[in-house]
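Summary of the model geometry
Next come the chains, spelled out residue by residue.
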Amino acid sequence: MTDQPHPARSRAPGSRVERGFETVLFNSRWLMAPFYFGLVISLAVLLYKFVMLLYEFIVHATIAKEADIILGVLSLIDVSLTGNLVLIVVFSGYENFVSRIDPGNHPDWPEWMTKVDFAGLKQKLLASIVAISAIQVLKAFMNIDSYDQTKLAWLVGIHLVFVASTLILALSDRLGHHGDDKGGH
C-alpha cells in the first residue's frame, strides 16, 4: 500500500473555503426550481385562455365566416404552441440546470424529455418561436384589410429575423459538431 494523500485532503490550506464556496455555487442551481414551478402555473393560465378561446370559437361558429373560423383555429394553435414552448423550457431547463428527472415507472414518458441538451433546447425554442411568429403573420394576412402596411412590414420583418436566427443557430451548431468530430479523432 502506498501512503499517498487522499485527493480531497491534498488541497491547499484555503481549500475549506473553496469547497464551501463550490458547494454553495453547486446548490444555487435549486434557485431555478421556483422559476420552473412558476412556468407550470403559467401553463394553467394558458389552459384557461385556451378554454375561453375555444368556448368563444364554438359559440360563434354558426355565424362566423370562413376566414373567422380559420383565425379562430389559428388562435387555438397559437396558444397550444405557446404551451408546448413552456413545457419544453420547464422539462429541458430543469433537466439541464437543476436535477435529472427519473421517468421511473411511467410507460408513457416521452423520450425527448430526458434527451434534450442545451443545443437541442435552443433549437426547439427557436423553432417554436418561428412557428408562433408564422401564425401571427398568417393571422395578419387573413385580416390584411385591418392592418396598415407599416405594421404588416414589421410583422414580416420580425418573423424573418426569427427565421434567420434559427437558421444561423442551426448552422453554427452543425459546424460546431463537425469541429468536435474532427478534433476527437
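Our structure is the block above this text.
To start, this report covers the structure provided alongside it. (Residues numbered from 1 in each chain as written. Predicted model: local features only at pLDDT ≥ 70, side-chain atom pairs only at ≥ 80, totals over all residues. Heavy atoms only, no water.)

Inspection of every chain in the model, using the stated rule, returns two aromatic pairs. Seen from their ring centres, W30 and Y94 are 6.3 Å apart, and the 75° between their planes marks the pair as edge-to-face. On the criterion of sequence distance, the pair formed by W30 in the loop between α1 (15–27) and α2 (33–60) and Y94 in helix α3 (residues 66–97) is long-range, its members being 64 residues apart. Ring geometry for Y36 versus Y94: centroids 6.4 Å apart, planes at 80°, classification edge-to-face. Of this pair, Y36 sits in helix α2 while Y94 sits in helix α3, placing them 58 residues apart in sequence. Of the aromatic side chains, those joined through ring pairs into one cluster are W30, Y36 and Y94. When the ring centre of F26 is taken as origin, the NZ or CZ atom of R29, which lies over that ring, is 4.0 Å away. (Phe/Tyr/Trp six-rings, centres within 6.5 Å; stacked < 30°, edge-to-face > 60°. Helix = DSSP H or I, 4+ residues; strand = E, 2+ residues; numbered from the N terminus. Lys NZ or Arg CZ within 6 Å of the ring centre and 35° of its normal.)

Below, the discussion takes up the pattern of salt bridges. Between side chains of opposite charge, a pair can form as their charged atoms come close. Per the stated rule, a full pass over the model turns up one salt bridge. Here D78 makes a salt bridge to K139, at a shortest N to O gap of 3.8 Å. Taken together, the residues span a long stretch of sequence, with D78 in helix α3 and K139 in helix α4 (residues 118–142) at a distance of 61 residues. By relative accessible area, which is 10% here, D78 ends up buried. (Salt bridge = Lys/Arg side-chain N within 4 Å of Asp/Glu carboxyl O. Buried < 20%, exposed > 50% of the residue type's maximum accessible area, 1.4 Å probe, protein only.)

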